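Secondary and tertiary structure notes
Each chain, written out:
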Amino acid sequence: LGIGDVSSDGNLDVVVVNTGSDDVAVLLGNGSGALGQATKLAGTSGPASVAIGDVNGDGDPDLAVANWYAGNHSIFAGNGAGGFGVPTTVPGIANPIHVVLTDPDGDGFPDLVASHLYGNCVTIARGNGSGAFGAQTLVATGAGPYGIAAGDLDGDAAVDLAVAARHLGAVSILLNECPPAGCGSLASVASYGVGKPGSGGIPQLQSVPPKLGFATSIVLSNAVPGPGVFIAGLASTAIPFDGGTLLVTPDVTAPVIVPPGGSLAIPIVVPVLAALCGVDVYFQALVFDASAGGLYGTAQSPGLHWTIGN
């Protein structure tokens, strides 16, 4: 159940989820304690909880509904007059039981936080302010997480979470590790250095700017199918290597296989950890290509420089 002014008339309205009839009911208030006839919204799957907030930045209240059966969430965009459009779906994990809209990352956009009764966790999906949500971050709780309340519990101006652990008869307190005004660093990505060509040209690395809590990929393209090496490190360098230049001081090296077509997506998840704010990470790919020449026959990408932001 949620209470808010979804019709923009200054009177509070009530929104109720109906698990049995598989719908959401909107009852407009008249400001004197009476509610009008329920308007039913379809498009849910075992709705268990509803939260009210403006997720798309148009100033009108929207609805986020946790779908127990489907293991996802339905977002109903509001029109400001008590009506709602066809829902969009935010992927999730099994058995979401309670959902809230709050801003734990402090970027000014509502994020979707849900408890999962049998998953012993809450999930946080960061909103982009336009109605879309990113990949979910899982945070462990006590057994049987149920109700969620959000607020600043430790006085640092960041949103913390209190989660009722039903199977423990206790409350899990999840203190926010990310500063409320963001991490003080804007996410950025840039190419640097000069690669070494192979028969397909110079291999390339590309990605979106890396943000805390995001699941993304670094895409290797313009490469010859076959084996290669993906290098990551916390420092750049410029060491002559195999007729080209090694551009990363390696902290992690991983073998890769470039499939036919010469393009490969390398998945990376950026945890929600305040210590990662502003951290620089450097990447380079070396692809074995006999036509590239040199002792080892490697075609080499330019470097890719990440600054992790919020």
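This write-up is about the structure you can find in this document. Quick caveat: nothing in here was measured; it's all calculated off a predicted structure. (Residues numbered from 1 in each chain as written. Predicted model: local features only at pLDDT ≥ 70, side-chain atom pairs only at ≥ 80, totals over all residues. Heavy atoms only, no water.)

**So, the overall build of the chain**
Note the threshold: Starting at the N terminus, helices and strands are each numbered in turn, a helix being any DSSP run of H or I of at least four residues and a strand any DSSP run of E of at least two. The rule is simple: take the accessible area with a 1.4 Å probe, protein chains only, and divide by the maximum for that residue type; under 20% is buried, over 50% is exposed, in between is partly exposed. Residues count as neighbours in contact if any of their non-hydrogen atoms are within 4.5 Å of one another. Here the Shrake-Rupley method, with its probe set to 1.4 Å, supplies the accessible areas, and only the displayed protein chains count as covering residues. Think of it this way: Lys and Arg go in the positive column, Asp and Glu in the negative one, and His and the chain ends go nowhere. To locate a charge, take NZ of a lysine, CZ of an arginine, CG of an aspartate or CD of a glutamate.
Helix and strand counts for the chain stand at zero helices and 26 strands. Counting over 310 residues, the chain shows a buried share of 47%. Across the chain, every contact between residues at least 6 apart in sequence was considered, and the portion connecting residues at least 24 apart equals 50%. With the model as given, the accessible surface of the chain reaches about 13,400 Å², and the carbon-plus-sulfur share is 60%. Averaging the locations of the 5 positively and 22 negatively charged side chains of the chain gives two centres separated by 9 Å.

**Topic: the packing of aromatic side chains**
Formally: Pairing of aromatic rings covers Phe, Tyr and Trp, the last counted by its six-membered ring, and requires centre-to-centre distances within 6.5 Å; plane angles under 30 degrees mean stacked, over 60 mean edge-to-face, and any other angle means tilted.
Here the structure, examined in full by the defined rule, presents five aromatic pairs. Both rings, one in Phe241 and one in Tyr296, keep their centres 5.7 Å apart while their planes meet at 15 degrees; by these two values the pair is stacked. Taken together, the positions of Phe241 in strand β20 (residues 235-241) and Tyr296 in the loop between β24 (280-288) and β25 (298-300) put the pair 55 residues apart, joining distant regions of the chain. Of the residues examined, Phe241 reaches a relative accessible area of 29% and is grouped as partly exposed.

**Considering the side chain of Asp242**
We count it as follows: Here a polar contact is recorded for every N or O atom pair within 3.5 Å, except that within protein the pair must consist of a potential hydrogen donor and a potential acceptor, and residues adjacent in sequence are included only if both atoms are side-chain atoms.
Structurally, the position occupied by Asp242 is in the loop between β20 and β21 (244-249). A polar atom in the side chain of Asp242 sits 2.6 Å from the backbone nitrogen of Leu295. In this structure the side chain of Asp242 is engaged in a polar contact, spanning 2.6 Å, whose partner is the side chain of Thr298.

**Digging into the nonpolar core**
Stated precisely, the cut-off is as follows: Nonpolar cores are built from buried Ala, Val, Leu, Ile, Met, Phe, Trp, Tyr and Cys residues. Side-chain atoms within 4.5 Å join them into one set.
Formed by 21 residues in total, the largest nonpolar core has its most connected members in Leu205, Ile218, Leu220, Phe230, Phe283 and Trp306. Breaking this core down by element, the ones donating at least two residues are β18 (215-221), β19 (226-233), β22 (252-258), β23 (264-269), β24 and β26 (303-307). The greatest single-element share of this core, amounting to four residues, is contributed by β24. Counting twelve residues, the second-largest nonpolar core is a separate cluster that includes Ala51, Ala64, Ile75 and Ala114.

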